[in-house]
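Coordinate analysis (summary)
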Amino acid sequence: MIEKELKILLTKEQFDCLVKQFVWDQIRTQVNYYYTDNNYIKNSGITIRVRECNNTIALQLKVPVSEQGAIHMKQEIETFINEIPQKIDGDFLSKLCSVSLPDVSLAGFMVTERYIYKWSNDIEICLDKNKYLDVEDYEIEIEYKGNIDESIFDFLNKNNIEIKDDVKGKCGRFFSHLLKGEEQ
């Protein structure tokens, strides 16, 4: 499956304002466990994570297709597993996504409180409060199929939310902060 997302980092104030604007279709807590080999994965843009949510555990791989500023397109592969592994075999990962990958180890986790609103049949708004390492950050992800509806941009403008070109996803932010901590 190809995942298309418009990602925008928010301030706490913007997040708090947006939470009040919708009757949310779903609110859930999910935990993303991130994996790396400390070399290839961080530099490749590939996300290897295990997501625990609603009593299920899924191994997910996200392989970049294209990235244009805040718009991220990735091939997403998912398989359900029984437990959170400390290590994942590279051959197993490679068979899932047809990309040669090394063995990886658990690097850490992020807890996300996610608010989901179905804007239309093709657009879903995900409002996230993320906690990882010693960070709390906020973002809006607009997931869509086909082309994004212009009404989304009107909504963002009305709420003084600016789209920036250099937005990192959750995995990228996690590893950037982890590396800063290791350097100190």
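In case you missed it, the structure is sitting above this.
Residues numbered from 1 in each chain as written. Predicted model: local features only at pLDDT ≥ 70, side-chain atom pairs only at ≥ 80, totals over all residues. Heavy atoms only, no water.

**Some points on the overall build of the chain**
Scanning the chain for helices and strands turns up five helices and nine strands. Taken from the N to the C terminus, the helices and strands of the chain come in the order β-α-β-α-β-β-β-β-α-β-β-β-α-α. Relative to the compact-globule value of 16 Å for 184 residues, the chain shows a C-alpha radius of gyration of 16 Å, a close match. By its C-alpha atoms, the chain is 45 × 40 × 35 Å across when sized along the principal axes. (Helix = DSSP H or I, 4+ residues; strand = E, 2+ residues; numbered from the N terminus. Rg over C-alpha atoms; globule rule 2.2 N^0.38 Å.)

**Considerations on the nonpolar core**
The biggest cluster of nonpolar side chains holds 22 residues, and the ones touching the most others in it are Leu10, Ile125, Leu127, Ile140, Ile142 and Leu156. Breaking this core down by element, the ones donating at least two residues are strand E1 (2-10), helix H1 (12-19), strand E8 (123-132), strand E9 (135-144) and helix H4 (150-158). With four residues, E9 is the largest single contributor of residues to this core. Sequence-distant contacts of Leu156, that is, excluding residues within four places in its chain, are made with Leu6, Ile8, Ile142, Ile161 and Ile163. Among the nonpolar cores identified, the runner-up in size contains 16 residues, and Ile57, Leu61, Leu93 and Cys97 belong to it. (Core = buried A, V, L, I, M, F, W, Y, C linked by side-chain atoms within 4.5 Å. Buried < 20%, exposed > 50% of the residue type's maximum accessible area, 1.4 Å probe, protein only. Contact = heavy atoms within 4.5 Å.)

**Concerning the layout of surface pockets**
Space inside the largest pocket adds up to approximately 980 Å³. Lining the largest pocket are 47 residues; nearest its centre among them are Glu3, Glu5, Arg49, Lys62 and Glu76. Residues belonging to the lining of the largest pocket are distributed by class as follows: 15 nonpolar, 10 polar and 22 charged. (1 Å grid on protein atoms, 1.4 Å probe; cavity = no way out; pocket = protein on both sides within 12 Å on 5 of 7 lines; lining within 4 Å. Points joined across faces, edges and corners; volume = space filled by probe spheres on them. Nonpolar A, V, L, I, M, F, W, Y, C, P; charged D, E, K, R; others polar.)

**Considerations on the pairing of strand E4 (residues 56-68)**
As paired strands, strand E3 (residues 47-53) and E4 are joined by seven bridges and run antiparallel to one another. Looking at the pairing, Arg51 lines up with Ala58 of E4. Where E3 folds back onto E4 in an antiparallel hairpin, the turn is made up of two residues, including Asn54, whose phi is positive at roughly 50°. Sheet analysis places E4 next to strand E5 (residues 71-80), joined by 10 bridges and oriented antiparallel. In the strand pairing of E5, Gln60 is matched with Glu78. What sits between E4 and E5 in their antiparallel hairpin is a turn of two residues, with Gly69 showing a positive phi close to 65°. (Pairing = 2+ DSSP bridges.)

**Side note on the environment of Ile81**
Within the element layout of this structure, Ile81 appears in the loop between E5 and strand E6 (87-88). For the pair Ile81 and Ile57, spaced 24 residues apart in sequence, the C-alpha separation works out to 5.7 Å. The contact partners of Ile81, leaving out residues within four places of it in the chain, are Val50, Ile57 and Leu59.

**As for the side chain of Glu5**
With respect to the helices and strands, the residue Glu5 is situated in strand E1. Glu5 sits in the buried class, given a relative accessible area of 2%. Setting aside its immediate chain neighbours within four residues, Glu5 contacts Lys62, Ala70, Ile71, His72, Glu141, Ile142, Glu143 and Tyr144.

**Notes on the pattern of salt bridges**
Using the criterion set out here, one finds 14 salt bridges in the structure. Measuring nitrogen to oxygen at the nearest pair gives 3.9 Å for the salt bridge that ties Glu76 to Lys62. Remark: Lys62 occurs in strand E4 and Glu76 occurs in strand E5; sequence separation between them is 14 residues. Here Lys131 and Glu136 are joined by a salt bridge, their closest N and O atoms 3.5 Å apart. Take Glu136: its relative accessible area is 35%, and that puts it in the partly exposed class. In this structure, a network of salt bridges that share partners links the residues Glu5, Lys7, Arg114, Asp128, Asp137, Glu139, Glu141, Glu143, Lys170 and Arg173. (Salt bridge = Lys/Arg side-chain N within 4 Å of Asp/Glu carboxyl O.)

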